[in-house]
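Results of the structural survey
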Amino acid sequence: MSDVETFRAPIIARATDQSESSHILKRSWEGRGGIAGWLSTVDHKEIGKRYLITAFAFLIIGGLEAAVMRAQLAQPNGHLLTSEQYAQLFTMHGVTMIFLYAMPVLSGFSNYLWPLLLGSRDMAFPRLNALSYWVFLFAGLFLYASFPLGKAPDDGWFNYVPYASRAFNPGLNIDVYALGMVLLGISTTVGAINFIVTLLRLRAPGMSINRVPILIWGTLTASVGNLFAVPAVSLAFFMLWMDRQFGTHFFDVGAGGQPLLWQHLFWMFGHPWVYAIVLPAMGIVSDGLPTFCRRPLVGYTPVALATVSTMALGFGVWVHHMFATGLPIIAVSYFSAASMIIVIPSSVAVFSWIATIWTGRPVFTSAFLFFAGFVLLFVIGGVSGFMTAAVPVDLQLTHTYFVVAHLHYVLIGINVFPVVGGIFYWFPKFTGRLMNETLGKWTFWVMFIGFNIGFFPMHILGLAGMPRRIYTYAEGLGWGSLNLIVTLGSYLFAIGVLMFVVNVFVSLKRGQRAGDNPWDGASLEWSTSSPPPPYNFAVIPTVASRYPLWEGRLNQGDDHSSTQQGFLLDKGRETMGTTSLDAEPDVILKMPSDTYAPLLLGLALAMLFVGALLHSWWLLGGAAVVSLLASIAWLWPERSLSQIET
Amino acid sequence: MVEVAVSRTTLPVGSKAHHASGWWGMLTVIATEATLFAYLLFSYFYIASHAQGAWPPHGMPKLSLAIPCTILLVAGSFTMWWAERGIDRGSSVQLMIGIALSLLLGLAFMALEGLEWAGEPFHLTSGVYSSLFFTITGFHLAHVTVGLIVLTVLFVWTALGYFDAKRHSAVSIGVLYWHFITIVWLAVFFTFYIAPRL
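Note on numbering: residues in each chain are counted from 1, in written sequence order. As they are written, the chains are lettered A onward and the ligands numbered 1 onward, keeping that order. Where totals are concerned, whole chains, interfaces and linings use all residues; where local detail is concerned, this predicted model gives features only for residues with pLDDT of at least 70, and gives and counts side-chain atom pairs only at 80 or more.

It is worth spelling out the environment of Pro-196 of chain B at this point. Among the structural elements, Pro-196 of chain B can be located in the segment after α5 (169-194). Exposure classification rests on a simple neighbour count of other C-beta atoms within 10 Å of a residue's own: a residue reaching 20 or more is buried, one at 12 or fewer is exposed, and one in between is partly exposed. C-beta atoms are placed from the backbone. What makes Pro-196 of chain B partly exposed here is the crowd of 14 C-beta atoms within 10 Å. Helical segments are the DSSP runs of H or I of at least four residues, strand segments are the runs of E of at least two, and each set is numbered from the N terminus.

Shown next as structure tokens:
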């Protein structure tokens, strides 16, 4: 006879974290602790924190690289670095910030927050979540391992052929980059899959698609974008590696190949990726700002639609990175127009944030300052983007510091500021303690002023003709004093980042204790303890509006959300699966326990890429076999997951 | 804890058919993999459209092996469809026969494709066409290999008696992937063998 349940009428109960039932839940969901627990956990909160910490470590490394470069450029004729060293530094700076910081840090927020925002007990695929972290970590180490050997990537983060072809760059540098990016692509893809299926399946009962927080829309959009964009860059890097190591001719113009194919594939990926690393950050602001303005976001539906349409349009604008390559005027005109249209959804979001502040009663916390500061930087970065979307202007500005200014306003303004604000906002949920507000406000002003002093003059340098990527410049070009200001401003910005890091460490130990809901926020994560218990929610919440914890005040409809009463689901690790649009209860999902399989598979995949890099076919073959066995062990049907009945 | 009520609706527990998260996961895997092949074929057409001189440069690719290849894979999809129908009715014997037939058809496909590779008058490094040909068909062959491993594992699991009429979502997920491999082949086949003739 089978002891596996096929159907169940689940119990509805009233419970809190102090209830007897919660002790049972805790025993089911708690990891085994110690090093074994650390290596085998599949808890989304642990994985989210790891993502955040690792991404911040990469942010600091990338920042130090920038600091060395700025020292070189502070004066004309700087010779602290050779041109080759400079080339490796600026390439690794770009690779680190764009691939190892900007996306992973947002994955950290989303991994930690998604199940809490959605009223679930974990992500759809907890083990896949662990895998995506390990592969991200190993890909980062893979890319950095070559750095001490002087073999780091050195052709810029977009790595154009023929510079990156073997004839002009024979060392291992570009192969490290190519294979490292394919490896990282695996992490991004499995992470994206997890977010998409989690959204479709794991929302609390009643959380229909028009009630999810905007952060969910942002990460969902980014994930769908990544699903369709990452294969382009993985393929481009794979083809480049084949060209370099096995004599294929994809980018070799002498044998009928097309160097521009590289640029097409790279930017078909690259532009959606830009949106992938800003839309979730914009979601952080759209969810955080209303809490501090004491009112719901103005224009939820337009902002959600703007998020999705930005990404949709983002797949049709890649050629604006290639205006100077001599493509036909009809083609560049189309892409110029498409790029300009993106102003519309962006403006919708900006006006929503401004209206939220305008019509709200702002509370000037550190997090609010970072969110509001972001709006200004977003506008500046948006305007310079609009300028470069115009073909004649771009032909003048491309490959100058104007573009450097634009992309830093976009990436620091739209990613770093919301991320730092987001940490101030959710730190009490992560740790149970508040961050220091006085230091926080000083941090904001130091970062904001330092950033603008450091990066605004780059616009002027670009207009004055200073090219990007030069490792030094001659005297008498008129760039010296502005470069000195840029260097000093960027160092001030770095001091601000340091103040933030100090605040995190001090507050971890001495921060004021936070209750469940220190900011009086409206979404579900604030209904559970700080930090949340391993099972997240004592009962699965039921949701009746967009702002479940503000319902008493907003007088929207007669239905009420319920966070204290709901499905108990206490027979092992379980959570509620719901239907995709309306979030009706659909299935009781059995969730996996902690396991080493993701770590093992991640390690084997990393070894596979090391083998490919070194042409060590035995290592590659062995790693492939281990990957296969780890995957089969992972997927082996289990009675405890109700995958077998007999 | 206060027990308030027992839900009026009865819900399925765990991985069942389209209730399994893995089913949704496989759909997203197929979406991203299909995009990968779209970018591969984009690369082919992009380079073809810029080609100087004759395209394909070595004359029209012969259909004598490619058409049998296509028939084998399409037949393999039908046998897997039939296999899944078996377990839907609770027959693990029909499932095992279906998987075994599909495995044989898949292996035959790989053998014919190997002959096709060996018979080509060009190598990987001969030119950009040969680079595209071996890389794109190579990507597809790698997917067939993964598909054959999936079928083998499913065969073993069926033999161990893991599946019955109610619970066999692993089979449904594997079948989905196997159909995907067939459909990708149709796109590859069209691109290399039919499109130049149009």
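Our focus in this paragraph is the environment of Arg-197 of chain B. Turning to its location among the elements, Arg-197 of chain B is positioned in the segment after α5. Separated by 174 residues in the primary sequence, Arg-197 of chain B and Trp-23 of chain B place their C-alpha atoms 38 Å from one another.

We now examine the environment of Ser-627 of chain A. All names here are of chain A. Looking at the element boundaries, Ser-627 is found in helix α20 (residues 617-635). Accessibility expressed as a C-beta count within 10 Å gives 18 for Ser-627, which makes it partly exposed. A C-alpha to C-alpha distance of 29 Å links Ser-627 and Pro-148, two positions 479 residues apart in sequence. Whether two residues are in contact is decided by their C-beta atoms, placed from the backbone, lying within 7 Å. In this structure Ser-627 touches Leu-601, Ala-604, Leu-605 and Leu-608, once residues within four positions along its chain are discounted.

Here we take up the pairing of strand β6 (residues 585-590) of chain A. All names here are of chain A. Relative to β6, strand β5 (residues 574-578) runs antiparallel, the two sharing 5 bridges. The partner of Thr-578 across the bridge, within β6, is Pro-585. A pair of strands is labelled paired if DSSP reports no fewer than 2 bridges between them. Counting the residues that bridge the hairpin from β5 to β6 gives 6 residues, and of these Ala-583 lies at a positive phi of roughly 55 degrees.

Between chain B and chain A, the residue contacts involve 46 residues of the former and 57 residues of the latter. For the side of chain B that touches chain A, the secondary structure elements donating two or more residues are β1 (2-6), β2 (11-12), α1 (21-49) and α4 (128-159) of chain B. Taken together, the residues that form the side of chain B that touches chain A break down as 24 nonpolar, 18 polar and 4 charged. Pairing analysis gives 4 bridges linking strand β2 (residues 11-14) of chain A to β1 of chain B, with the strands arranged antiparallel. Bridging from a neighbouring strand, Ile-11 of chain A pairs with Val-6 of chain B of β1 of chain B. Charged residues are taken to be Asp, Glu, Lys and Arg, nonpolar residues to be Ala, Val, Leu, Ile, Met, Phe, Trp, Tyr, Cys and Pro, and polar residues to be all remaining types, Gly included.

Here we take up the domain arrangement of chain A. Residues and elements named next belong to chain A. Here chain A is described as being made up of domain 1 (12-35 + 520-590) and domain 2 (36-510). Per the annotation, domain bounds derive from an automatic or database assignment of domains. Put simply, the middle of domain 1 and the middle of domain 2, counted by C-alpha atoms, are 33 Å apart. In this assembly, 36 residues from domain 1 lie in contact with 36 residues from domain 2. Looking at the side of domain 1 that touches domain 2, the elements with two or more residues in it are α2 (34-40), β3 (540-542) and β5. Considering every element that reaches the side of domain 1 that touches domain 2, the biggest residue donor is β5, with 4 residues. Partitioned by chemical class, the residues of the side of domain 1 that touches domain 2 number 17 nonpolar, 14 polar and 5 charged.

All names here are of chain A. Each nonpolar core comprises buried Ala, Val, Leu, Ile, Met, Phe, Trp, Tyr and Cys residues, the members being joined through C-beta atoms within 7 Å. Core analysis: the largest hydrophobic core is formed by 255 residues, its most contacted members being Leu-183, Ile-196, Ala-236 and Leu-265. Top element by residues in this core is helix α4 (residues 83-118). It accounts for 22 residues. Two domains each donate at least three residues to this core, and these are domain 1 (12-35 + 520-590) and domain 2 (36-510). Those residues within four positions of Ala-236 in sequence are excluded, and the remaining contacts are Trp-262, Leu-265 and Phe-266.

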